[in-house]
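In case you want the letters, here they are:
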Amino acid sequence: MIDLRSDTVTAPTPAMREAMAAAAVGDDVFGDDPTVIRLEGTVAELLGLPAAVFVPSGTQSNLCALLAHAQRGDEYLVGEGAHCFRFEAGGAAVLGSIQPQPVREGPDGRLDLAHAESVVKPDDVHFARTRLLCLENTRDGQVLPLGHHAEAQALARRHGLGLHLDGARLWNAAVALGEEPAAVAAGFDTVSVCLSKGLGAPVGSVLAGRADLIASARRWRKMLGGGMRQAGVLAAAGLVALDHRHRLVDDHHNAARLAEGLAALAGVTVARTATNMVFVRFPAASVPALTSAYAAAGVRVLLNRRPGGETRLVTHRDVTGDDVATVIAITAAALRPG
Ligand SMILES: *Cc1c(COP(=O)(O)O)cnc(C)c1O
């Protein structure tokens, strides 16, 4: 099986399963699970932030952050394609009465900061109170340059806004930039990172940030049902994942090779490739042949069936260089006429 649907499909490694079996645990809701405490401390230190809280998912991490930053009747500025606007079931609006204000994004994933500035609301009874600016890095695999962080942060500070970074794939961004994770996290009040993408941890995200915001997020986590008890078994896997984060360069290499191999096939267009993601347009007429060829070979891909639609292919720990060559060969054979 070669699974290119997402980097969330990775299975825990034997080393992780060993660490999980051996993990010292306590009751994390009482704050006495030593392995969770170690994971939170490790992430806080890696990100150069004072505090952190372990949560079950990236979605809950972003939601806890939004709830900690903003109140009922407030709003957050967020990229129109960002995960914490589009792909989290409207949680901030449903559970927090917090309104998203979408901001235009460039093709490279950067926020249109002139647009962002133009939608910051004045203090006027007609408007929601603009409280927060959210960035996402990487964004669809694309690495936002740290200069863009600085510009967005300057804008937010001019208007007294809080700053949240959805860094689900911050580890990929750091590796791609050749920077320490703390450099990517610098200047934000809260930063969310995933442990379950590409690195093999089965479950978990961490929200790091200013101590008062993390204390508030901890209360929201409990309310949302994310207070886990002997969560050290999960945190132990997360610690192993972090130890191996430098291996993400292999995923980036594999994605580049995959993009190169597919781009060489007649009729296939690689729309873009960045870090561990490749976005490809296959000829619409070839989708049935690709579907059966992939199914027969145990290749899992979320094929976009819309004519001209982009199919996203994602590399991760469980995709090898040989797997990449296999996928290119199977695709070539399926596209060959007759
Ligand atoms: C995956 C992802 C999340 C959410 O993580 P889950 O653990 O799937 O809830 C948040 N933001 C971004 C950018 C993501 O890619």
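A brief look at the structure comes next. (Residues numbered from 1 in each chain as written. Predicted model: local features only at pLDDT ≥ 70, side-chain atom pairs only at ≥ 80, totals over all residues. Heavy atoms only, no water.)

## Considerations on the nonpolar core
Counting 51 residues, the largest nonpolar core has L39, L47, F54, L170, W171 and V191 as its most contacted members. The element contributing the most residues to this core is helix α11 (residues 232-243), with seven residues. The residues touching V191, leaving out its near neighbours within four places in the chain, are L47, L49, H164, L165, L170, A185, V206, L207 and A208. Counting residues in each nonpolar core, the second largest holds 26 residues, with I2, L258, V278 and A334 among its members. (Core = buried A, V, L, I, M, F, W, Y, C linked by side-chain atoms within 4.5 Å. Buried < 20%, exposed > 50% of the residue type's maximum accessible area, 1.4 Å probe, protein only. Helix = DSSP H or I, 4+ residues; strand = E, 2+ residues; numbered from the N terminus. Contact = heavy atoms within 4.5 Å.)

## With respect to unusual backbone geometry
The linkage connecting N137 with the following residue, T138, adopts the cis geometry, with an omega of 5°. Structurally, the position occupied by T138 is in the loop between β5 (129-136) and α7 (146-158). With phi around 50°, D140 is a residue other than glycine that occupies positive phi space. Phi at T275 takes a positive value of approximately 40°, unusual for a residue other than glycine. Mapped onto the secondary structure, T275 falls in the loop between β9 (269-274) and β10 (277-281). Exposure remark for T275: the relative accessible area of 12% places this residue in the buried category.

## Some remarks on the packing of aromatic side chains
Any pair of aromatic rings gets described here by the distance separating the centres and the angle formed by the planes. Evaluation of the coordinates by the stated rule reveals zero aromatic pairs. Stacked on the ring of F30, the Lys or Arg R229 has its end atom at 5.9 Å from the ring centre. Residue placement shows R272 over the ring face of F279; its charged tip is 4.1 Å from the ring centre. (Phe/Tyr/Trp six-rings, centres within 6.5 Å; stacked < 30°, edge-to-face > 60°. Lys NZ or Arg CZ within 6 Å of the ring centre and 35° of its normal.)

## A closer look at the site of the ligand
Near the ligand, the surroundings consist of S57, G58, T59, N62, H83, E88, E136, D166, A168, R169, C194 and K197. A distance of 2.7 Å separates an oxygen atom of the ligand from a polar atom in the side chain of K197. Summarising the interface, the protein chains cover 82% of the accessible area of the ligand, which totals 380 Å² for the free molecule. Counting atoms within 2 Å of the grid points, the majority share of the ligand lands in the largest pocket. Broken down by element, the shell around the ligand gets its largest block of residues, three residues, from helix α3 (residues 58-69). Residues that form the shell around the ligand fall into these classes: two nonpolar, five polar and five charged. (Near = heavy atom within 4 Å. Polar contact = N/O pair within 3.5 Å; in protein donor to acceptor, adjacent residues only side chain to side chain. Areas by Shrake-Rupley, 256 points an atom, 1.4 Å probe, with all protein chains shown as cover. 1 Å grid on protein atoms, 1.4 Å probe; cavity = no way out; pocket = protein on both sides within 12 Å on 5 of 7 lines; lining within 4 Å. Sits in = over half its atoms within 2 Å of the grid points. Nonpolar A, V, L, I, M, F, W, Y, C, P; charged D, E, K, R; others polar.)

## Topic: the environment of A89
Counting through the fold element by element, A89 comes out in the loop between α4 (83-86) and α5 (91-96). Given the relative accessible area of 74%, A89 is considered exposed. It is 9.2 Å that separates the C-alpha atoms of A89 and T59, two residues lying 30 residues apart in sequence.

## Structural notes on the environment of A289
Checked against the element boundaries, A289 lands in helix α13 (residues 287-297). With 275 residues separating them along the chain, A289 and P14 place their C-alpha atoms 36 Å apart.

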